[in-house]
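So the chains spell out like this:
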Amino acid sequence: MGRRSRVAEILVAVLLLALSAACGSRLPESDFDHDDRTPAPRDAAPLRVGIITSATSPVGGSAFTGPRDGARAFFDRLNARGGIDGRRVEVRTCDDGGSGVGNNECVHRLVEEDRVVALVATTALDYAGASRVSRARVPDIGGQPIGTAYDTFPHLYGIYGSLAPRDGTPGWDGKLYGGTEVYRYFKREHGARTAAVVSYNQSASAAYARLVERGLRAEGYKVVTEQVDFALPNFRAVAADLKEQGADLVFDAIDGHGNARLCQAMDEAGADVTAKVTNVQNWTSTVADDYKDAPRCRNALWATGASRNFEDTGNAAVREFREATKDLKTHSQWQLEGWAAARWFTDAAKSCATTGITRACVDAFMNRSQGYTAGGLLLPVRFDRLPEPPKSSRTCLSVARWQDGEGWVGQGDMNRTCFTVPQLAYAP
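What counts, and where the lines are drawn
- Residues numbered from 1 in each chain as written.
- Predicted model: local features only at pLDDT ≥ 70, side-chain atom pairs only at ≥ 80, totals over all residues.
- Heavy atoms only, no water.
- Helix = DSSP H or I, 4+ residues; strand = E, 2+ residues; numbered from the N terminus.
- Buried < 20%, exposed > 50% of the residue type's maximum accessible area, 1.4 Å probe, protein only.
- Contact = heavy atoms within 4.5 Å.
- Areas by Shrake-Rupley, 256 points an atom, 1.4 Å probe, with all protein chains shown as cover.
- Phe/Tyr/Trp six-rings, centres within 6.5 Å; stacked < 30°, edge-to-face > 60°.
- Pairing = 2+ DSSP bridges.
- Axes fitted to C-alpha atoms, helices over the stretch in contact; angles between N-to-C directions.
- Disulfide = S-S within 2.5 Å.
- Parallel < 35°, antiparallel > 145°, perpendicular 65-115°, else oblique.
- Left-handed = near helix turned anticlockwise from the far one by under 90°.

Visitor: Help me out: how do you make sense of the overall build of the protein chain in this one?
Guide: Tallying secondary structure elements over the protein chain gives 13 helices and 15 strands in all. Considering the protein chain as a whole, with its 428 residues, one finds that 59% of them fall into the buried category. Long-range contacts, defined as pairs at least 24 residues apart, comprise 73% of the intrachain contacts of the protein chain with a sequence gap of at least 6. Only carbon and sulfur atoms are counted for the fraction: they give 46% of the accessible area of the protein chain, which is about 16,400 Å².

Here it is, written out as structure tokens:
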């Protein structure tokens, strides 16, 4: 099973227009020579885990909190059932404020002062402390790959896995690779041939748009490019051109507010499309409110990802998640992925219960986590340190479509919606 497309993983650097991919410097081997093998007390002392979240980042208070909320819900349910080998999990959270300075402070507090056994469901706008986590050999489990950290450092295990060497430099010699499976899906399943890419005249937005354009052209699409002014975007002109060009699909490199305005303009212009494609961060239960002024475009919203639809309550693992989070006002795919990250840590810790739940033991389990699915919530995750980047990969895809009155409706079995696609290089 191939690694999940980086095209779908570069979430916040574009959608929230924040450059969070800080390239790490290569770490000397001496940084990894020490280890922490001090076992946890063999009594009822709680297991400490840390969750770092950019909860009060400049891009908004609720943009990053989904994984944290999902993970906390899992640990609350776990503790109510007796914890791990009779030990409750004590969750220490830290809000880094979306800054590199704040992130380093959170790493210092959780890793060096609180001595957490692992970090779980990290969701950081600027993961500046990633190298310190790696040097301490603290397993960071199921984090969201907003930047390049999870393709750079050992002991960091992103929610979608990694095939990169993770030797201190992002990807392979500073380049990452992404597949074209999303574009292949809409071409094969829905006969799409013309795709539009909408971006701002802003560097991060424009760079991501170019990456999407490359992938679409590699799959044989006619590509329509639309760029609007970041300060005064003219979405009406974009919508009129989309209608004129006969676009089947619309991809974007703009923020959530801009997407809502674009959809409203498309409805007003009568620009109907097969799919207005979004990604896992926008796969939420708030669509009806977010797009309240664009009913036609709203019902053309599709989301793609690498985890099972949080609305798929016919699945036992999803039902358990929904039951445990029934008191939350909203639900999202990021919450489900945070829940899966907490389950991943729990499975690792249970494997260490007889010998001592240590950082080293949990990390060893993570290194053996080939094909991990969190009980079917995730597409099988791989951590293969390939010396050379893959030229192609077989990659599977979770797909859902919004429908009023039903919510997000899954489109086929994510474990069977698979394609062998080229892997395209890009500089983060």
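Visitor: Sorry if this is basic, but what is going on with the packing of aromatic side chains here?
Guide: Aromatic ring pairs are defined here through the distance separating the ring centres and the angle between the ring planes. In total, this model carries 15 aromatic pairs according to the counting rule given. The interplanar angle of 85° and the centroid separation of 6.0 Å between the aromatic rings of phenylalanine 74 and phenylalanine 75 together place this pair among those described as edge-to-face. Three or more aromatic residues joined by ring pairs make a cluster, and in this case those are Phe74, Phe75, Phe321, Trp339 and Phe345.

Visitor: It is not clear to me how the sheet that holds strand 7 (residues 194–200) should be interpreted in this structure. Could you clarify?
Guide: Pairing between sheet strands relies on hydrogen bonds along the backbone, with the strands arranged either parallel or antiparallel. Spatial strand order, 8-7-9-10-11-13-14: seven strands in an open sheet with mixed pairing. Each edge of the sheet is formed by a strand with only one pairing partner; in this case those strands are strand 8 (222–228) and strand 14 (407–410). When the angles between neighbouring strand axes are averaged without regard to direction, this sheet yields 30°. In terms of strand pairing, strand 10 (residues 275–278) meets strand 11 (residues 301–305) through three bridges, oriented parallel. Each residue of the ladder has a partner; that of valine 277, found in strand 11, is tryptophan 302. Across the sheet, helix 6 (residues 203–218) is in contact with strand 7, strand 8 and strand 9 (249–253); its angle to strand 7 comes to roughly 170°.

Visitor: Could you clarify how one ought to interpret unusual backbone geometry in this entry?
Guide: Trans is the common state for peptide bonds, and a negative phi is the common state for residues other than glycine. Although it is not a glycine, alanine 121 sits at a positive phi angle of roughly 55°. Mapped onto the fold, alanine 121 is located in the loop between strand 3 (118–120) and helix 4 (130–135). Within the chain, alanine 374 stands out as a residue other than glycine whose phi angle is a positive 55°. Among the secondary structure elements, alanine 374 is positioned in the loop between helix 13 (359–367) and strand 12 (392–396).

Visitor: What is the right way to look at the state of the cysteines in this model?
Guide: Two cysteines, two sulfur atoms, one covalent bond between them: this is a disulfide. Tallying each qualifying case throughout the model produces four disulfides. There is a disulfide in this structure between cysteine 94 and cysteine 106, and the S-S distance comes to 2.0 Å. As the torsion about the S-S bond is roughly -80°, the cysteine 94-cysteine 106 disulfide counts as left-handed. Here cysteine 94 is found in strand 2 (residues 89–95), whereas its partner cysteine 106 is found in helix 3 (residues 100–113), with twelve residues between them in sequence.

Visitor: I would appreciate a short explanation of the packing of helix 2 (residues 66–80) against helix 12 (residues 333–351) in the present structure.
Guide: Helices that pack against each other are described as a pair by the angle of their axes relative to one another and the distance between those axes. Helix 12 packs onto helix 2 with a crossing angle of 45° between their chain directions and a minimal axis gap of 6 Å. Classed by the angle they form, the pair helix 2 and helix 12 counts as oblique. Classified by chirality, the crossing of helix 12 by helix 2 is right-handed. On helix 12, the residues touching Gly66, Pro67, Gly70, Ala71, Ala73, Phe74, Phe75, Arg77 and Leu78 of helix 2 are Trp334, Gln335, Gly338, Trp339, Ala342, Arg343, Phe345 and Thr346.

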